[in-house]
Number of protein chains: 2
Amino acid sequence: MAYMQLLIRFIAGFVFFFHVEVSAQGNSDSLVIRKIFEEALTKSRCYDDLGTLCKSIPPRLSGSVGAAMAVEFTRSIFEDEKFDRVFLQQMMVPNWKRGDVCSANAQIGKVKKDLRVCALGGSVGGNVTGEVIAVNSLEKLDSLGRKAIENKIVFFNRPMEPRHIHTFEAYGGCVDQRWAGPSKAAKYGAVATLVRSMNLREDEFPHTGSMSYDSDYPKIPALALSTDDATWLTNKLAEGGSIEVSLRANCVTMPDTISHNVVGELIGTQFPNEFVICGGHLDAWDNGEGAHDDGAGCMQSIEALRILKNIGYKPRHTLRAVMFMNEENGARGAKKYAEWADSLNEKHLFAIESDRGGFSPRGFAIDSEDSIMIRKISRFRTLLEPYGLHDFKRGGGGVDIGPLKKQGTLCIGLVPDSQRYFDHHHAANDTFEHVNKRELELGAAAMAALIYLLDQEL
Amino acid sequence: MAYMQLLIRFIAGFVFFFHVEVSAQGNSDSLVIRKIFEEALTKSRCYDDLGTLCKSIPPRLSGSVGAAMAVEFTRSIFEDEKFDRVFLQQMMVPNWKRGDVCSANAQIGKVKKDLRVCALGGSVGGNVTGEVIAVNSLEKLDSLGRKAIENKIVFFNRPMEPRHIHTFEAYGGCVDQRWAGPSKAAKYGAVATLVRSMNLREDEFPHTGSMSYDSDYPKIPALALSTDDATWLTNKLAEGGSIEVSLRANCVTMPDTISHNVVGELIGTQFPNEFVICGGHLDAWDNGEGAHDDGAGCMQSIEALRILKNIGYKPRHTLRAVMFMNEENGARGAKKYAEWADSLNEKHLFAIESDRGGFSPRGFAIDSEDSIMIRKISRFRTLLEPYGLHDFKRGGGGVDIGPLKKQGTLCIGLVPDSQRYFDHHHAANDTFEHVNKRELELGAAAMAALIYLLDQEL
């Protein structure tokens with residue numbers, strides 16, 4: 001796009017169709033929200049901090065040295081920003097180690113091809129060879145039965161469905177294969193499983209993620225296969241004949257170990273014993289940098305409160321940013337936080353989570369059946385639309401704030417654009433380079449704006 | 001984000017707040033729109049074609065071999081897709097050549113530093129040395145006067161303003177420096193100009209773009225400087241003392257040459273002599289691949305009509321996809337198309353342009369003062385919101401369709417998310433790798449959906 005004269009005309013004409021009626025309060029709210037976005041876009045530190053988290057700290061899966069370093073790093077940011085109170089919450093977390101070996105190759109006649117694989121989180125290690133059998137559903141195993149499956153490697157091959165507009169729906173339609181596939185295959189005597197990576201793109205990155213063994217069946221190795229190699233294997237199987245795959249992995253589950261949530265607090269001026277929290281999870285899968293999942297959400301949560309503090313806002317309720325530990329393979333941090341809040345009789349009014357990537361924010365998913373509350377939040381729409389926040393939907397708030405629901409907390413998830421999320425999710429290319437500074441900052445500002453509005457409203 | 005059980009709950013609950021009332025027509029429209037998006041997300045060819053345009057064809061600035069090859073390539077797509085009619089429109093275009101030399105270095109005392117620069121489109125070549133003087137506005141030159149400026153190199157250093165939510169507003173606030181700066185500096189005796197690249201990010205890519213000489217003053221070389229080197233230079237100047245820059249470029253303007261618009265047509269079933277067009281521009285700055293600007297818009301325009309054809313839609317009016325030539329430095333293709341339409345008395349009802357990058361589509365900018373028309377289009381909002389299209393604003397349609405306005409054509413611009421656009425705009429990193437397949441496809445589907453609705457409505 002070029003040609004200045006016409007461009008300037010375009011910009012001059014760029015006014016809203018839909019006139020926004022604002023009351024006096026709405027007017028002052030809109031000024032505060034304007035301030036929030038300006039602070040985010042001109043003075044934020046979340047992007048640089050995310051760079052440090054991704055580049056200067058080793059992978060931070062629960063139980064790792066990197067996770068412990070991330071705890072200290074985020075504590076240091078809170079202290080540096082002079083939050084009123086900074087503290088850790090200790091809990092035991094799972095301690096699975098990926099190991100340093102994970103490989104697979106396919107043999108067709110005399111031809112051998114290396115496959116791009118990674119172990120699923122929680123998988124046992126092993127050294128296994130078997131003929132591959134591909135299936136598109138867990139149910140297919142029941143109809144095939146033991147005779148067809150015994151001693152084979154089951155390849156779960158149902159791809160993400162591209163026709164969904166929201167990519168999380170496509171993910172939800174596949175993830176059963178990863179989570180429950182290994183034990184279902186073991187039930188019929190399979191020796192290992194491969195799963196097509198949960199990625200809408202055809203590329204070379206295997207995507208890990210959590211899986212669970214059913215204690216009734218043997219634990220067999222479970223690996224993810226890159227989408228391009230999954231397609232290659234599909235095509236080769238379609239040609240007929242037998243394909244043998246050999247795979248090796250030395251991952252292992254160690255005893256649970258100690259880790260921590262990190263909490264930074266700004267004390268409320270009117271209701272210091274009532275709480276509003278925002279958060280993300282500090283742990284991340286260890287094959288990438290966990291930049292979008294969920295370094296972004298952590299840095300945005302800290303930033304949201306930093307913004308409110310730095311524009312001089314005095315919150316009515318106590319605000320907390322919570323770095324939850326262990327979302328990826330246990331959610332022990334989420335449970336710990338909710339138990340701890342209950343044990344202290346801390347009333348949590350509202351919680352917002354960012355765990356869908358650091359992309360351009362588009363709105364909020366509101367986990368509430370309360371139509372009065374939904375109407376209240378919908379009223380904010382006219383204030384937030386100028387910032388590209390149009391999508392106010394009923395939906396899940398997030399895994400880490402979910403346990404607060406039983407005390408009646410209103411749980412809300414930040415909803416960014418979802419198109420690129422699964423290109424990076426749980427893969428080696430979930431790196432800092434793929435986060436855009438402005439998109440990250442706008443997400444932090446969106447959280448801060450909603451916290452401001454609800455802190456005023458509730 | 002992990003933990004399947006909660007995820008599935010989130011997805012199950014993902015329903016709209018705002019109940020959409022649809023009439024019987026609305027209902028059938030919503031089914032067609034669903035089909036359009038499914039076709040785009042599962043069977044489109046625009047992404048692969050964009051890859052070919054970017055990777056197999058050399059840079060395609062007006063007058064280049066690459067531009068001629070791009071004309072033939074897009075013609076071949078139309079023919080391949082069996083459009084009813086495919087034709088070229090011939091015109092003369094400017095023929096500026098970047099040359100193979102463009103460099104600059106700064107000398108501070110005995111220290112010399114290479115600067116990352118590129119020539120602005122239309123600049124003369126030269127071999128110039130001068131002391132640098134930085135200014136933040138064109139007006140500053142008037143107050144400084146000839147004595148301060150003569151024999152110097154003027155460095156236009158006003159950065160894009162990050163606080164704008166829509167990045168095009170930040171661009172609009174800076175681009176006068178690039179367009180009009182060189183002649184304004186020459187008026188006071190400057191020997192060359194540097195301009196801070198129009199990029200919101202601090203990085204190493206100089207961004208080119210069009211500029212214009214005022215015939216009253218000497219033509220002096222005009223280069224863009226990467227934002228990181230612009231900041232370096234700013235800091236060094238702030239330390240005081242004199243900084244001398246030497247620059248060289250061998251760009252040259254050749255005589256105008258022949259080029260073409262490419263048009264593909266699907267003939268209307270009810271009103272074959274009334275036209276609805278969509279388009280992008282086929283030419284691109286030659287320092288990158290022109291992937292977002294505007295290979296994306298060209299491929300989306302072809303795709304929009306391909307989708308309608310392939311779902312079996314019979315348009316009421318004749319639909320055209322137009323590949324405009326020479327948007328970047330002359331808009332001769334835009335003028336040619338409008339003149340040609342006028343000369344044949346072709347009535348153009350509606351035109352939609354995609355020239356703001358191949359990012360997630362968010363809505364449309366509608367260039368109309370007609371409140372009835374605006375109300376009509378606003379009615380489509382409920383049909384389009386499920387696809388993330390919420391932003392219906394009054395605004396410019398685009399440079400290439402602009403000349404049709406005087407025959408009363410309704411001009412509309414596709415508005416994608418703008419956050420990443422200027423990271424790539426007119427720079428070496430405007431490459432195919434930075435285009436996301438789904439984002440591109442969703443933009444094509446958004447155009448097809450609006451064409452469908454307006455073809456029915458008008």
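Given the structure is predicted, the values throughout are model-derived calculations rather than measurements. (Residues numbered from 1 in each chain as written. Chains lettered and ligands numbered in written order. Predicted model: local features only at pLDDT ≥ 70, side-chain atom pairs only at ≥ 80, totals over all residues. Heavy atoms only, no water.)

A tally of helices and strands in chain A yields 14 helices and 17 strands. By its C-alpha atoms, chain A is 75 × 60 × 40 Å across when sized along the principal axes. Out of the 458 residues in chain A, the part that is buried amounts to 62%. Taking contacts inside chain A between residues at least 6 apart in sequence as the whole, the part at least 24 apart equals 83%. A total accessible area of about 16,300 Å² is found for chain A, and carbon and sulfur atoms account for 51% of it. With 52 positive and 59 negative side-chain charges, chain A shows a spacing of 1 Å between the two charge centroids. (Helix = DSSP H or I, 4+ residues; strand = E, 2+ residues; numbered from the N terminus. Buried < 20%, exposed > 50% of the residue type's maximum accessible area, 1.4 Å probe, protein only. Contact = heavy atoms within 4.5 Å. Areas by Shrake-Rupley, 256 points an atom, 1.4 Å probe, with all protein chains shown as cover. Lys, Arg positive; Asp, Glu negative; His and termini not counted. Charge placed at Lys NZ, Arg CZ, Asp CG, Glu CD.)

This next bit is on helix 7 (residues 175–187) of chain A. Residues and elements named next belong to chain A. In this model helix 7 runs 19 Å from its N-terminal to its C-terminal C-alpha over 13 residues, within 8% of the 18 Å that 1.5 Å per residue would give. For helix 7, the principal kink sits at Gly181 and spans about 60 degrees; a proline, Pro182, occurs within the next four residues. For helix 7, a buried count of 10 out of 13 residues is recorded, marking the element as mostly surrounded by other parts of the structure. The complete set of buried residues in helix 7 reads Val175, Gln177, Arg178, Trp179, Gly181, Pro182, Ser183, Lys184, Ala185 and Ala186. Immediately beyond the C-terminal end of helix 7, within one or two residues, lies Gly189, with a positive phi of roughly 90 degrees. (Expected span 1.5 Å × (residues − 1). Bend = angle between axes of the 7 residues up to and from the residue.)

Below, the discussion takes up the side chain of Asp286 of chain B. All names here are of chain B. Structurally, Asp286 is set in the loop between strand 12 (271–281) and helix 9 (291–310). Within the structure, Asp286 has its side chain in polar contact with the side chain of Arg98 (distance 2.9 Å). Setting aside residues no more than four positions away along its own chain, Asp286 makes contact with Pro59, Leu61, Trp96 and Arg98. (Polar contact = N/O pair within 3.5 Å; in protein donor to acceptor, adjacent residues only side chain to side chain.)

So, about the environment of Pro159 of chain A. All names here are of chain A. Topologically, Pro159 is positioned in the loop between strand 7 (153–156) and helix 6 (167–172). Between the alpha carbons of Pro159 and Val175 there is a distance of 9.9 Å; along the sequence they are 16 residues apart. Sequence-distant contacts of Pro159, that is, excluding residues within four places in its chain, are made with Cys174 and Arg196.

Once that is clear, we can look at the domain arrangement of chain A. All names here are of chain A. Domains assigned within chain A are domain 1 (23–95 + 255–457) and domain 2 (99–250). Each of domain 1 and domain 2 has a C-alpha centre, and the two are 34 Å apart. Taken together, the 17 residues of domain 1 in the interface contact 19 residues of domain 2. Per-residue buried area on domain 1 facing domain 2 is highest for Trp285, Phe422 and Asp423; these three make up 39% of the total on that side. A salt bridge links Arg201 to Asp423, with the shortest nitrogen-to-oxygen separation between them at 3.7 Å. The interface formed by domain 1 and domain 2 includes 5 residue pairs in polar contact (both at pLDDT 80 or more). Counting residues per element, the ones that place at least two in the side of domain 1 that touches domain 2 are strand 16 (391–394) and helix 13 (421–424). Among the elements that take part in the side of domain 1 that touches domain 2, helix 13 stands out by supplying 4 residues, more than any other. A per-class count over the side of domain 1 that touches domain 2 returns 5 nonpolar, 7 polar and 5 charged. (Domains from an automatic or database assignment. Buried area = accessible area lost by both parts, 1.4 Å probe. Salt bridge = Lys/Arg side-chain N within 4 Å of Asp/Glu carboxyl O. Nonpolar A, V, L, I, M, F, W, Y, C, P; charged D, E, K, R; others polar.)

A few words now on the sheet that holds strand 7 (residues 153–156) of chain B. Residue and element names in this part refer to chain B. Taking strand neighbours across the sheet as the criterion, the 8 strands line up as 4-3-10-6-7-8-9-5 in an open arrangement whose pairing is mixed. Sheet topology places strand 4 (111–115) and strand 5 (117–119) at the edges, where each strand pairs with a single neighbour. Averaged over all pairs of adjacent strands, the angle between strand axes in this sheet comes to 30 degrees, irrespective of strand direction. With 4 bridges connecting them, strand 7 and strand 8 (residues 192–196) associate as parallel partners. Along strand 8, the bridge assignment pairs Val154 with Thr193. (Pairing = 2+ DSSP bridges. Axes fitted to C-alpha atoms, helices over the stretch in contact; angles between N-to-C directions.)

With that out of the way, let us pick up unusual backbone geometry. Along the chain, Asp293 of chain A connects to Asp294 of chain A via a cis peptide bond; the corresponding omega equals 5 degrees. For Asp294 of chain A, the position within the fold is in helix 9 (residues 291–310). One non-glycine residue, Ala331 of chain A, lies in the positive phi region at around 55 degrees. For Ala331 of chain A, the location among the structural elements is in the loop between strand 13 (317–324) and helix 10 (332–343). With a phi angle near 55 degrees, Asn345 of chain B is a residue other than glycine that sits in the positive phi range. Residue placement: Asn345 of chain B occurs in the loop between helix 10 (332–343) and strand 14 (347–353).

All right, on to the side chain of Arg316 of chain B then. All names here are of chain B. The topology assignment puts Arg316 in the loop between helix 9 and strand 13 (317–324). Of the polar contacts made by the side chain of Arg316, one reaches the backbone oxygen of Leu458; its length is 2.9 Å. In this structure, Arg316 is in contact with Gly268, Thr269, Gln270, Phe271, Pro272, Asp455, Gln456, Glu457 and Leu458, ignoring residues within four places of it in sequence.

Residue and element names in this part refer to chain A. The strand order across the open sheet built from 8 strands is 4-3-10-6-7-8-9-5, with neighbouring strands paired in mixed fashion. Two strands close off the open sheet at either side, each with one partner strand: strand 4 (111–115) and strand 5 (117–119). The mean inter-strand angle of the sheet, taken between neighbouring strand axes irrespective of direction, is 30 degrees. Of the pairings in the sheet, the one linking strand 5 to strand 9 (residues 222–225) comprises 3 bridges and is antiparallel in character. Bridge pairing in strand 9 links Val117 to Leu225. Sitting on the sheet, helix 5 (residues 138–149) touches strand 6 (126–135) and strand 7, and the angle it makes with strand 6 is about 120 degrees.

What follows deals with the environment of Lys437 of chain A. All names here are of chain A. By secondary structure assignment, the location of Lys437 is in helix 14 (residues 437–457). The class for Lys437 is partly exposed, based on a relative accessible area of 34%. Separated by 283 residues in sequence, Lys437 and Val154 place their C-alpha atoms 41 Å apart. Of the polar contacts made by the side chain of Lys437, one reaches the side chain of Glu441; its length is 2.8 Å.

What follows deals with the pattern of salt bridges. For the coordinates displayed, the defined rule picks out 72 salt bridges over all chains. Note that Arg420 of chain B is salt-bridged to Glu439 of chain B, the shortest N-O span being 2.7 Å. Of the two residues, Arg420 of chain B sits in the loop between strand 17 (410–416) and helix 13 (421–424) while Glu439 of chain B sits in helix 14 (residues 437–457), which places them 19 residues apart along the sequence. Here Arg420 of chain B falls in the buried class, since its relative accessible area comes to 9%. Connected through shared salt-bridge partners, Arg34 and Glu38 of chain A together with Glu161 and Arg163 of chain B make up one network.

With that out of the way, let us pick up the environment of Phe422 of chain B. Here Phe422 of chain B lies in helix 13. A sequence separation of 23 residues divides Phe422 of chain B from Ala445 of chain B, and the C-alpha atoms of the two residues are 24 Å apart.

Looking now at the packing of helix 3 (residues 46–55) of chain B against helix 9 of chain B. Residue and element names in this part refer to chain B. Between helix 3 and helix 9, whose axes approach to 9 Å, the crossing angle comes to 140 degrees. Between helix 3 and helix 9, the crossing angle belongs to the class labelled oblique. Crossing angle aside, the handedness with which helix 3 passes helix 9 is right-handed. On helix 9, the residues touching Cys46, Asp49, Leu50, Leu53 and Cys54 of helix 3 are Ala291, Gly295, Ala296, Met299 and Glu303. Here the contact of helix 3 with helix 9 is composed, by residue class, of 7 nonpolar, 1 polar and 2 charged. (Parallel < 35°, antiparallel > 145°, perpendicular 65-115°, else oblique. Left-handed = near helix turned anticlockwise from the far one by under 90°.)

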